[in-house]
Amino acid sequence: MKRVFLICVALVAGSAFAQSGGMKGMDMKDMPMKGMDMKMDKKDAKGTVHKASGVVTKVDKDKVTIKHGPVPSMKWPAMTMAFVVKDKALMDKMKKEQKVDFEFVQEGSDHVVTAVK
Ligand SMILES: [Cu+2]
């Protein structure tokens, strides 16, 4: 857990540097454009189905919190986070402490569960 946190801090610090003018005078083509990647991800992510598995830690009315493993298609490490569940039938499959294999899509800043096994 500590290791993952440190990687996140390094990534955030790196992009803050780039946004604060750290790239002035540099050829943008050669920069690993973190911010631009994220925008492209969002565009591409529309309709892209991501697969993950994890354990449900909390169930709300239209949200579940899942402690999930790494999601390579989202470039995510393992983490615990909330997902939106719009479909009541899917919601009924979500029980606290349950291990789930699930699929989700990104919709704006939400991650919406589309299937649960
Ligand atoms: Cu996550």
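Enquirer: I keep staring at the overall build of the protein chain and nothing clicks. Help me out?
Expert: From N to C terminus, the protein chain includes three helices and five strands. Ordering the α and β elements of the protein chain from the N terminus gives α-α-β-β-β-α-β-β. By the burial criterion, 26% of the 117 residues in the protein chain qualify as buried. For the protein chain, restricting intrachain contacts to residue pairs at least 6 apart in sequence, the fraction spanning at least 24 positions comes to 47%.

Enquirer: Just checking my understanding: could you explain the coordination of the copper ion for this structure?
Expert: As a benchmark, a tetrahedral metal site with four donors has ideal angles of 109.5 degrees, while an octahedral site with six donors has ideal angles of 90 or 180 degrees. Listed as protein donors to the copper ion are H68 (NE2), M79 (SD) and M81 (SD); their distances from the metal cover 1.9 to 2.5 Å. Mapped onto the sequence, the donors of the copper ion take the spacing H-x10-M-x1-M. In this pair, H68 sits in strand β2 (residues 63-68) while M81 sits in strand β3 (residues 79-84), placing the two residues 13 residues apart along the sequence. Judged on exposure class, the residue H68 and its partner M81 are both buried.

Enquirer: Would you take a moment to explain the pairing of β2 for this structure?
Expert: Looking down a regular strand, the side chains alternate between one sheet face and the other. Two strands pair when backbone bridges link them, and strand β1 (residues 50-59) and β2 are joined in this way by five bridges, in the antiparallel orientation. For V56, the partnering residue across the bridge sits in β2 and is I66. Between β1 and β2, which pair antiparallel and follow one another directly, the connecting turn spans three residues. Of the pairings in the sheet, the one linking β2 to β3 comprises six bridges and is antiparallel in character. Paired with I66 across the bridge in β3 is M81.

Enquirer: What is the right way to look at the environment of T80 in this model?
Expert: Within the secondary structure, T80 is located in strand β3. Distance in space between the C-alpha atoms of T80 and G54 is 8.9 Å, their sequence separation being 26 residues.

Enquirer: Hey, could you run me through the pairing of strand β5 (residues 110-116) in this one?
Expert: Of the pairings in the sheet, the one linking strand β4 (residues 99-107) to β5 comprises six bridges and is antiparallel in character. The residue of β5 that forms the bridge with F102 is V116. Here β4 hands over to β5 after two residues, with G108 in that stretch at a positive phi of 60°.

About the thresholds
- Residues numbered from 1 in each chain as written.
- Predicted model: local features only at pLDDT ≥ 70, side-chain atom pairs only at ≥ 80, totals over all residues.
- Heavy atoms only, no water.
- Helix = DSSP H or I, 4+ residues; strand = E, 2+ residues; numbered from the N terminus.
- Buried < 20%, exposed > 50% of the residue type's maximum accessible area, 1.4 Å probe, protein only.
- Contact = heavy atoms within 4.5 Å.
- Donors = N, O, S within 2.8 Å, 3.2 Å for Na, K, Ca; no water.
- Pairing = 2+ DSSP bridges.

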